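The lines below spell out each chain.
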Amino acid sequence: MKRSHTKFRRAALCIALGACLSTMAPVVIAQSATGSVAGYANAGDQITITNANTGVARSVTVGSDGNYRLGQLQVGDYDLQVVRGGQPMGAPIKVSVPLGGTTTVNVGTEGGVANLAAVTVVGSRVVNRVDVRSTESATNVTREEISRLPVAQSLASVAQLAPGVVGGNSSLGGISFGGSSIAENSVFINGLNVTDFYKRHSFSTAPFAFFREFQVKTGGYSAEFGRSTGGVINAVTRSGGNEFEGGIELTFEPSAWQTEADDRYYDDGSVNVRGSHDRSSFSKANVWASGPLVRDKLFLFAMYEQRESNSGFTNSSGSNWTTNDGGNGFWGTKLDWNISDNHLLELLAFSDEGDSDTAVRPYDFDTGTIAPDAPSRSSASSGGTSGSLTYTGRFGENFTAKGMYGVNKSSSFNRSPADPLCDLVSYNNDSYGDVYRAMGEPTLGCHPGGSVIAHEDERRVKRLDFEWVLGDHMLRFGWDHELMTTDRTTRYPGPTGQLFTAYGGTPGDVLGNGAVLPAGVDVFMMARRRSDGGVFDIDTSAFYIEDEWSVAQNLLLNLGLRVDNFENFDAGGNSYIKLDNLVSPRFGFSWDMKGDGSTKLFGNLGRYYMPVTSIISYNFAGGLTDEYTYYVLNGWQPSVNPVSGAPYMAPILGDQIGPVDDSYNLSNEPVDRGLDAVYQDEAILGFQTMINQAWSWGVNATYRRMPNAMDDVRINALCGQRHSNLWPIANPGESLTLWGTTDMGCAQDGWVTIDTSKEGYMKAGSDEIIGYSDPKRTYKAVEFQIDRAWDDKWAFNASYLWSRLEGNHEGPVNSDTNYGDTGMVQHWDHPANNDRYGDLFNDHRHQIKIRGNYKINEMWSIGGTVSALSGGPISAFGVSWPGESGTVASPTSEGSGGGTGWLCVANCGSGDPWQDRVYERSGRGAFGRMPWTYNVGATLLWTLPVDNVDLKARLSVYNLLNDQEVINVRGRYEGQPGERRSTFGTGTRWQAPRYAQLVVTWNF
């Protein structure tokens, strides 16, 4: 090869070796916001890597086996130089270090890259098509890639670019990774855990412009990671460098660029949901600056973003108009101090606090007229401040230490001037909707809606991580500790502190408290009182050790072990749940099959544990009042809102029907003495290869199983005799040890152990003693991807995933009934709820995802995304089952009590003996599936074609085809036994209508 040609090839290895990480490339995972560079070179050579942005340099001597590794590097661009005998060899190689990954640079005798055939040279960018040092699965996405695609500005939207990641129940929010529920994921920003630990549905966040790179982990995490059985989103923020830089970004989403939502009706023509008048607009202005405070030593990145949002929407019936206005500012900063080349100190701080004001007025849907009455007002605030201080030190060439201390805060407050004066009043649309519409759809009650909430969470994190290279072995080990505190009170507003809901019925109907609706009564009111409060701590810690062993130049083994400890405390500071010494083995391998970095076979086996959420302690270790009272409804009377002066209708309550149902009240409920933690086992096997230097493809298979569960379990016969309900935190289907007493029918006071797969519950009527079905959840998936790397002209990625999710419980939430109180859902409120196995809510058998972008010229480029998702199963839930006299799920409330897989088909009336009822078994998914959903996005990007001026405008359209398919349906089949609800199978949520977004950026 000519020397000039060689120099040209070397010079092409600039800004990013391995920078354009394709979504199909699994990467080595690190919980911190760093990456690594490793490879093979001549023994004894010195490898020096210098950060192109900050000037920080690191060096390592190549071992006798030819291996070298530089770990705990900040994400960014570096110059890699080979030094032999004190003299540089060849030209510097430009290397990009990705988040949580290892960039492989094999260096030849002349100091150039030795594996050019296994990479793609694209102008100034080189791509590692196959990461042969990875034993895990993840997707990396940079800001640059996002800027060319129609991806909504949220971490959840980024995560859904990865195969196997889908939106969960839209009523609850969140995303599902690999068949998991929405409450099993974790989110990290610069290594700081910002996951909501109260329910695990959400997380703290920051603007897209604050981040440099995102990593979505879909399985096979290394031993550094724990406390997640779903997926992980890992994000790293931008940092300052030696160049002074700044920028402005403006985002507009005007309501005029939104397509109206469809109005939805039941089969009989009555209103289900009205959304065609709903409107919203959003805009924000983002300003950032970065640069050196002390050149080569101290760097600052700072950002401020002002957000303005306005929305107006009707309630389901269209009788009220609600406006919501928010004006919030985000601030964030990153400070980097290079104490020396070997010692770095990083400070991160940001705030995602936000406030909104809500106003509710009467509304005439037909004319689109808002009543001039003074509105009912309320306000809400959320978010908090977070920050971390991280030290990284290198001691010698082969040992690196890292320490972090961080704080993550979030809060939620809901308030209204009507709180002390007005009760919440509503109606059940299924049974009372016709009556309400015949009344003229007046305002019911004088409260604008919502509970009175004061909630503050704080997480304090301490973490130590070490890396030690010993020949063929790279040892990682470390320890972390999190102290999480929830301070929360919640209650219904009003002088009675109750939520009143109007229902229609038929005399003889059985109510939730077991009473019968009296003769001549066809409407009634259910009053629910719910309140709780306290301060609760969770203490978690873990240590891990992991050996990345290069058995040979083409074979790498990853051997890891993690040990977790979880402890929840009650309101008095006493230990409530303690789960310790939870051992998680991890094993992975990667085989470079051809020895040239072009083809690999990889796999991973691991166990992952889930901690207990704070809501468990809050409700079960403090005290929960949750009572239901039923009244005859004797009509409505006109009243005047004491706050706004607007008219409304107040209920006239008649006689109380039956006793107060206080069976759901909780007060320091017992915990199984032998409680086991929830865990998931996972196996992954994959193959990846290059087609040529631009194209690659891969396939992998995943198997996950969750063989146990932890939840509140109804026990009413601990010693074989009926007693009042206990709600212990236990593992259903396993052995249970509780303190039994003679009052409960036990022979003596003392510890009693039972097998809950056979006993613990006594049926009403028959007195048959039964147990709970064994929990089970399995996920099987095969994924295929093909990828073309970005070459400054075009890029393309397509994936197809077939999967099957089966079992008898979704996990710690229950999407079937829209019940999101994590770890205390209705799966185990009754043995009837989970005695059938089959397709689960998040089972989407087929997933197709395509994305690509094309550069037309220096001024214009286009990008697009397409996703096609098969619909989830439609399952029917009844309210009774064979052998029991009463209802086992609430006949009045669709979301209360869960539901059974048994449907009464004969002798089901209130006058028929319960023993004569005839049932049919209804399997999961017996009523088919929801429709396929398609989502097409398009982006048009304009760049000002002027040198040294970075001005861009990006117009993105989301849901281009305006598909508004149903994505959630009602699953409660019965009201009373044998009476099919007219609303069964009807929609509750649909795809969001088409909307457009304009983003203008100017960087200088």
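Residues numbered from 1 in each chain as written. Predicted model: local features only at pLDDT ≥ 70, side-chain atom pairs only at ≥ 80, totals over all residues. Heavy atoms only, no water.

Q: Let's hear about the overall build of the protein chain: which residues, and what values?
A: Scanning the protein chain from N- to C-terminus turns up five helices and 59 strands. Computed over C-alpha atoms, the radius of gyration of the protein chain comes to 30 Å, within 12% of the 30 Å expected from 2.2 N^0.38 for 1004 residues, which places it in the range of a compact globule. Structurally, the protein chain occupies a C-alpha span of about 100 × 70 × 50 Å along its principal axes. Burial statistics for the protein chain: of 1004 residues in total, 59% are counted as buried. Taking contacts inside the protein chain between residues at least 6 apart in sequence as the whole, the part at least 24 apart equals 71%. Of the accessible surface of the protein chain, which amounts to about 36700 Å², a share of 54% is contributed by carbon and sulfur atoms. Side-chain charges in the protein chain split into 81 positive and 110 negative, and the spacing between the mean points of these groups amounts to 8 Å. (Helix = DSSP H or I, 4+ residues; strand = E, 2+ residues; numbered from the N terminus. Rg over C-alpha atoms; globule rule 2.2 N^0.38 Å. Buried < 20%, exposed > 50% of the residue type's maximum accessible area, 1.4 Å probe, protein only. Contact = heavy atoms within 4.5 Å. Areas by Shrake-Rupley, 256 points an atom, 1.4 Å probe, with all protein chains shown as cover. Lys, Arg positive; Asp, Glu negative; His and termini not counted. Charge placed at Lys NZ, Arg CZ, Asp CG, Glu CD.)

Q: Could you give me a rundown of the side chain of T443, with the residues and numbers involved?
A: Position of T443 among the secondary structure elements: in the loop between α4 (429-438) and β31 (452-470). Only 3.4 Å separates the side chain of T443 from the side chain of N320, close enough to count as a polar contact. (Polar contact = N/O pair within 3.5 Å; in protein donor to acceptor, adjacent residues only side chain to side chain.)

Q: Any chance you could break down the layout of surface pockets for me, citing the residues and the numbers?
A: Considered as a void within the structure, the second largest pocket measures approximately 700 Å³ in volume. Together, 36 residues line the second largest pocket, and G512, N513, D661, R714 and T887 are the ones closest to its centre. (1 Å grid on protein atoms, 1.4 Å probe; cavity = no way out; pocket = protein on both sides within 12 Å on 5 of 7 lines; lining within 4 Å. Points joined across faces, edges and corners; volume = space filled by probe spheres on them.)

Q: Let's hear about the environment of D749: which residues, and what values?
A: Structurally, D749 can be placed in the loop between β44 (735-740) and β45 (750-755). For the pair formed by D749 and W739, sequence separation is 10 residues and the distance between their alpha carbons is 7.3 Å. Beyond its immediate chain neighbours, meaning those up to four positions away, D749 contacts W739, G740, T741 and T742. From its side chain, D749 meets the backbone nitrogen of T742 in a polar contact 2.9 Å long.

Q: Tell me about the confidence of the model for the protein chain, residues and numbers included.
A: Looking at the protein chain, the pLDDT average stands at 91 and 95% of residues meet or exceed 70. Within the model, pLDDT remains below 50 along residues 1-31, and this stretch shows 117 contacts once partners closer than five positions in the same chain are excluded. Taken together, the stretch residues 122-126 has pLDDT below 50 and engages in 23 contacts with residues farther than four places along the chain or on a different chain. (pLDDT = per-residue confidence, 0-100.)

Q: Can you break down the pattern of salt bridges residue by residue, with the values?
A: Scanning the model with the defined rule gives 49 salt bridges in all. Linking R307 and E305 is a salt bridge whose minimum nitrogen-to-oxygen distance equals 3.0 Å. The exposure class assigned to R307 is partly exposed, which follows from its relative accessible area of 21%. With a shortest N-O distance of 3.3 Å, R530 and D532 are connected by a salt bridge. For D532, a relative accessible area of 9% puts it in the buried group. What emerges from the salt-bridge pattern is a single network uniting R227, R459, R463, D465, D480, E482, R562 and D564. (Salt bridge = Lys/Arg side-chain N within 4 Å of Asp/Glu carboxyl O.)

Q: Please set out unusual backbone geometry residue by residue, giving values where relevant.
A: When glycine is set aside, most residues are seen to have a negative phi, and most peptide bonds are trans. The residue R227 is not glycine, and still its phi comes out positive at about 60°. Along the chain, the position of R227 falls in the loop between β16 (211-219) and β17 (232-237). With a relative accessible area of 7%, R227 lands in the buried category. Backbone geometry places N948, a non-glycine residue, at a positive phi of 65°. Here N948 is to be found in the loop between β55 (933-943) and β56 (950-958).

Q: Pulling in residues and values, what's your account of the packing of aromatic side chains?
A: Counted according to the given criterion, the structure contains 36 aromatic pairs. Between Y503 and F524, the aromatic rings sit 5.3 Å apart at their centres with planes inclined by 5°, giving stacked as the arrangement. Taken together, the positions of Y503 in strand β33 (residues 498-504) and F524 in strand β34 (residues 523-552) put the pair 21 residues apart, joining distant regions of the chain. Given the relative accessible area of 3%, F524 is considered buried. Seen from their ring centres, F687 and W697 are 5.5 Å apart, and the 55° between their planes marks the pair as tilted. Taken together, the residues span a long stretch of sequence, with F687 in strand β40 (residues 678-690) and W697 in strand β41 (residues 695-706) at a distance of 10 residues. An aromatic cluster of at least three residues, connected via ring pairs, comprises F208, F210, F211, F214, W288, F301, F330 and F350. Against the face of W790 rests R148, its NZ or CZ located 4.2 Å from the ring centre. The ring of W288 has R238 lying over it, and the distance from NZ or CZ to the ring centre is 4.2 Å. (Phe/Tyr/Trp six-rings, centres within 6.5 Å; stacked < 30°, edge-to-face > 60°. Lys NZ or Arg CZ within 6 Å of the ring centre and 35° of its normal.)

Q: Which residues make up the environment of A57, and what values go with them?
A: In this structure, A57 sits in strand β4 (residues 57-61). Expressed as a C-alpha distance, the spacing of A57 and S340, which sit 283 residues apart in the sequence, is 9.1 Å. Once residues lying within four places of it in the same chain are set aside, the contact partners of A57 are T48, I49, T50 and D341.

Q: Which residues make up the state of the cysteines, and what values do they have?
A: For the structure shown, the criterion picks out three disulfides. The residue that forms a disulfide with C904 is C908, at a sulfur-sulfur distance of 2.0 Å. Disulfide C904 to C908: torsion about the S-S bond roughly -100°, handedness left-handed. Summarising the burial analysis for this pair, C904 and C908 share the class buried. Cysteine pairing for the protein chain, with bonded cysteines counted in sequence order: 1-2, 3-4, 5-6. (Disulfide = S-S within 2.5 Å.)

Q: Would you mind going over the nonpolar core in detail, with residue names and values included?
A: Core analysis: the largest hydrophobic core is formed by 33 residues, its most contacted members being I146, V158, F210 and F214. Of all the secondary-structure elements, those providing two or more residues to this core are α3 (155-159), β13 (175-177), β14 (186-189), β16, β17, β22 (298-314) and β24 (343-351). Beyond its immediate sequence surroundings of up to four residues, F214 is in contact with L99, T139, N140, V141, I146, L155, V158, F208, N234 and A235. (Core = buried A, V, L, I, M, F, W, Y, C linked by side-chain atoms within 4.5 Å.)

Q: Could you give an account of the pairing of strand β37 (residues 599-610), with specific residues and numbers?
A: Among the 12 residues in β37, nine count as buried, and that is most of the element. Here strand β36 (residues 575-592) pairs with β37 via seven bridges, running antiparallel. Looking across to β37, one finds that W591 is bridged to L601. Between β36 and β37, which follow one another and run antiparallel, lie six residues, and G595 among them has a positive phi close to 75°. Bridging between β37 and β40 involves 12 bridges; their strand directions are antiparallel. Looking at the pairing, L605 lines up with A683 of β40. (Pairing = 2+ DSSP bridges.)

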